[in-house]
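What the coordinates show
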Amino acid sequence: MKTIIEPFRIKSVEQITFTTREQRKQILKEAFYNPFKIKAEDIIIDLLTDSGTSAMSSKQWGRLMEGDESYAGAKSFYRFESAVKDLTGYENIIPTHQGRAAESILFKIFRDKGKITINNTHFDTTRANVTVNHLTAVDLPAHNNSELRFKGNMDCDSLVEKIKEVGSENVALIMITITNNAVGGLPVSMENIKQASSIAKKNNIPFFLDACRFAENAFFIKKYEKGFSERTVKSISQEMFSYADGCTMSAKKDALVNMGGFLALNDSNLAEEARNQLIITEGFPTYGGLNGRDLEAIAQGLNEIVDEDYLTYRIRSIEYVGERMLKIGIPIIQPIGGHAIFIDAQKLLSQIPRDQFPGQSLVCSFFLEGGIRSCEIGSVMFGKYNDELQEFIPAPYEYVRMAIPRRVYTQSHMDYVIEVSEEVYRKSKELGGYKIVKEPKFLRHFTAHFAPI
Ligand SMILES: *Cc1c(COP(=O)(O)O)cnc(C)c1O
């Protein structure tokens, strides 16, 4: 059979409310043209993020009832711990309420003024946690000079050079993010992880994985890296983890739950420090900011995510949307990554100057034409205005991301997204820019007000 079908059937459904174009025009206006301000019930297809939006399985829901809510030493903790240990091989497993809480603890224990952390690309919460702990984040992505399929790689030549330049004693931590979210959810090869690990070891620098999408990454390795086609995704994942001293994880991605995360590491002294931090901000080490039932759902989710029928469907469903968009003529980042489609809004809406936010215009158009919510990742999110020079400094690119939630939408939902994309494409040359009429001091994309120009 050629058709790849969803490897699940649906037992519980959630109603989608349909709106007309006229209604959406009004909704958009009332939300000040900022999709973050639109009520979720007014959205037809929500592609804002793949984080915490997964559909849980009947087994996960079942395990919620098994949650042991004891304050200390709950059975659920031990089941969670054993699932994470089995997958990662790390000695110390520390639950947190989400990924950034694990990052916060990790960088607090590596806090050291003047030192740097190196990542293939720091995710924005990772960068923020590095920065507040007086460390400096250095990105060394290899996307321009690496092989086509593994554009998420770390640039290992630059890594060696950077360590030489600053001195290994000034590198607090080396980290690889799998998949590399900031460059389009593109994977990192096993070879690259191995190489970075050996450079870290040689220089006595701790090496960690930001493992949010480890299963999607492992599946790409199985599919495209030589020598892995016969291996299971689980054993590929175990090998990736084996090259690092520990990992941070947002369970909201590849653990198929709506909330949760963990920090896992081998070094027991560091783990003790981490647990001391955990108690201050998250909770006792056997629950760390989560309910016993959440720990059960994560343990179960980690089993399900390495299922290869699931991953075949998952990666294919993203590819499917991407291929159709290319056919329509919509410029997207290629190759297509593991959790989202990234549209190049600057290219598509080339008539809109960058200080009038082509990405925002495209996001609004997708909502207006089809009730689809997507996310601007461009100059609204990362652009700046330099007051001294009175000059607008754009982001490096103007992307619109359509992130696909796990196990939530069917192929006909995706066909609808493609249909709407056709309509948006047809009208794209008529779209105009936006201006910001009100903005907060930090992270303006969440709450800013816009107006069409
Ligand atoms: C989502 C994400 C995080 C942060 O996790 P949260 O659970 O949202 O706090 C860190 N790194 C990467 C690569 C992510 O995608």
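Nothing here was measured: the structure is a model prediction, and the numbers come from that model.

Turning our attention to a nonpolar patch on the surface. Among the surface-exposed residues, F36, F442, L443 and F446 lie close enough to one another that they form a single nonpolar patch of about 440 Å² accessible area. Considering the arrangement of structural elements, one finds F36 in the loop between α1 (21-30) and β1 (45-46).

Taken as a whole and assessed by the stated rule, the structure comprises 17 aromatic pairs. When the centroid spacing of 5.0 Å and the interplanar angle of 80° are considered together, the rings of F36 and F446 count as edge-to-face. Pair noted here: F36 is in the loop between α1 and β1 and F446 is in the loop between β15 (434-438) and β16 (449-452), with a separation of 410 residues, a long-range link. Among the residues examined, F446 registers a relative accessible area of 39% and is labelled partly exposed.

The subject of this paragraph is the packing of helix α3 (residues 75-88) against helix α9 (residues 233-242). A pair of packed helices can be characterised by two numbers: the angle between their axes and the separation between those axes. At a minimum axis separation of 7 Å, α3 and α9 run at an interaxial angle of 80°. Classed by the angle they form, the pair α3 and α9 counts as roughly perpendicular. Contacts from D86, L87 and T88 of α3 reach α9 at K234, S237, Q238 and F241. Class assignment of the residues belonging to the contact of α3 with α9 gives a composition of two nonpolar, three polar and two charged.

As a further point, take the site of the ligand. What surrounds the ligand is a group of 14 residues, the closest being R100, D210, R213, S250 and K253. In this structure, an oxygen atom belonging to the ligand sits 2.9 Å away from a side-chain N or O atom of Q98. Between the ligand and D210 there is a distance of 2.8 Å, counted from a nitrogen atom to a side-chain nitrogen or oxygen. Bound to the protein, the ligand loses 97% of the 380 Å² it would expose on its own. The element best represented in the shell around the ligand is helix α4 (residues 99-109), accounting for three residues. Classifying every residue of the shell around the ligand gives two nonpolar, six polar and six charged.

Enumeration over the complete set of coordinates arrives at 25 salt bridges. A salt bridge links R293 to E69, with the shortest nitrogen-to-oxygen separation between them at 3.4 Å. Residue R293 is located in helix α11 (residues 292-305), and its partner E69 is located in the loop between α2 (58-64) and α3; the two are separated by 224 residues in the primary sequence. We classify E69 as partly exposed; its relative accessible area is 42%. With a shortest N-O distance of 2.9 Å, E398 and R354 are connected by a salt bridge. With a gap of 44 residues between them, E398 in the loop between β13 (391-393) and β14 (399-403) and R354 in the loop between α13 (345-348) and α14 (358-370) connect regions that are remote in the sequence. One network of salt bridges, in which partners are shared, links D50, R213, E216, D254, R314 and R406.

Successive residues of a regular strand alternate their side chains across the two faces of the sheet. Judged by how many residues are buried, strand β7 (residues 246-250) sits mostly within the fold: five of five residues are covered. Strand direction decides the pairing type here: strand β6 (residues 207-210) and β7, joined by three bridges, are parallel. Residue pairing across strands places L209 opposite C247, the latter belonging to β7. In this sheet, strand β8 (residues 261-265) lies alongside β7 in antiparallel orientation, the contact comprising five bridges. From the neighbouring strand, C247 faces β8, where its bridge partner is A264.

The extent of an interface is frequently quoted as the accessible surface area lost upon association of the parts. We note that the domain assignment places domain 1 (21-50 + 307-452) and domain 2 (59-304) within the chain. Taking the mean C-alpha position of each, domain 1 and domain 2 sit 28 Å from one another. Facing 20 residues of domain 1, the contacting portion of domain 2 comprises 27 residues. Between domain 1 and domain 2, a total of about 1900 Å² is buried, with carbon and sulfur atoms accounting for 54% of that surface.

Quick look at unusual backbone geometry now. Cis geometry is adopted by the peptide bond preceding T179, which originates at I178 and carries an omega value of -20°. Tracing the sequence through the fold places T179 in the loop between β5 (171-177) and α7 (190-202). A positive phi is found at F357, a non-glycine position, where the angle reads about 55°. Looking at the secondary structure, you find F357 in the loop between α13 and α14. In the Ramachandran plot, R407 falls in the positive-phi region, its phi being about 65° despite a non-glycine side chain.

All right, on to the environment of K164 then. Among the secondary structure elements, K164 is positioned in helix α6 (residues 156-166). Exposure remark for K164: the relative accessible area of 71% places this residue in the exposed category. In this structure the C-alpha to C-alpha distance between K164 and L278, which are 114 residues apart in sequence, comes to 34 Å.

An α-helical turn contains 3.6 residues, so any two residues separated by three or four positions project in the same direction. Turning to helix α5 (residues 124-132), its buried residues number three or more, namely T125, T126, N129 and V130. Seen along its axis, α5 keeps its buried residues to an arc of 140°; they face one direction. Looking at the buried residues of α5, the elements they touch are α4, β3 (116-119), β4 (136-139), β5 and β6. H134 lies just past α5 and shows a positive phi near 60°.

With that settled, consider the side chain of R373. Its place among the elements puts R373 in strand β10 (residues 372-373). Among the polar contacts listed, one links the side chain of R373 to the side chain of D46, at a separation of 2.8 Å. In this view, R373 contacts P35, F36, I38, A40, I43, I45, D46, L47 and L48; residues no more than four positions away in its chain are not counted.

Time to look at the environment of I163. Relative to the elements of secondary structure, I163 occurs in helix α6. Leaving out residues up to four positions away in the same chain, I163 has contacts with I118, S168, V171, I174, I199, N203 and I205.

About the cut-offs
Here, residues in each chain are numbered from 1, in the same order as that chain's written sequence. Note on the predicted model: pLDDT of at least 70 is required for a residue's local features to be given, and 80 or more for side-chain atom pairs to be given and counted; whole-chain, interface and lining totals, by contrast, use all residues. Calculated side-chain values reflect all of the structure's heavy atoms, with hydrogen atoms and water omitted. Exposure above 30% relative accessible area and no salt bridge define the residues that can form patches, which grow by joining like charges within 9 Å and nonpolar side chains of Val, Leu, Ile, Met, Phe, Trp and Tyr within 5 Å. Only the protein chains shown count as cover for residues, with accessible areas throughout obtained via the Shrake-Rupley method and a probe of 1.4 Å. Put simply, a salt bridge is a Lys or Arg side-chain nitrogen that is within 4 Å of an Asp or Glu carboxyl oxygen. A helix here means a DSSP run of H or I that spans at least four residues, while a strand means a run of E at least two residues long, and both kinds are numbered starting from the N terminus. In this scheme Phe, Tyr and Trp rings, the latter by its six-membered ring, pair at centre separations within 6.5 Å, and the angle between planes marks the pair as stacked below 30 degrees, edge-to-face above 60, and tilted otherwise. Relative accessible area decides the class of each residue, using a 1.4 Å probe on protein chains only: under 20% of the type maximum gives buried, over 50% gives exposed, and in between gives partly exposed. In this analysis an axis means a line fitted to C-alpha atoms, helices contributing only their contacting stretch, and an angle means the value between N-to-C directions, from 0 to 180 degrees. Orientation is classified from the angle alone, with under 35 degrees giving roughly parallel, over 145 giving roughly antiparallel, 65 to 115 giving roughly perpendicular, and any other angle giving oblique. We call two residues in contact when some of their heavy atoms are within 4.5 Å. Under the scheme applied, nonpolar residues are Ala, Val, Leu, Ile, Met, Phe, Trp, Tyr, Cys and Pro; charged residues are Asp, Glu, Lys and Arg; polar residues are all the others, including Gly. To be near a molecule or strand, a residue needs just one of its heavy atoms within 4 Å of it. Each polar contact in these results corresponds to two N or O atoms within 3.5 Å; when the atoms are within protein, one needs to be able to donate a hydrogen and the other to accept it, and residues that are neighboring in sequence are counted only if both atoms are side-chain atoms. Only strands that DSSP links by at least two bridges are regarded as paired with each other. Delimitation of the domains relies on an automatic or database domain assignment. Here's the idea: put two parts together, see how much 1.4 Å probe accessible area each one loses, and the total over both is what we call buried area. Directions drawn from the helix axis to the C-beta atoms are what define this arc.

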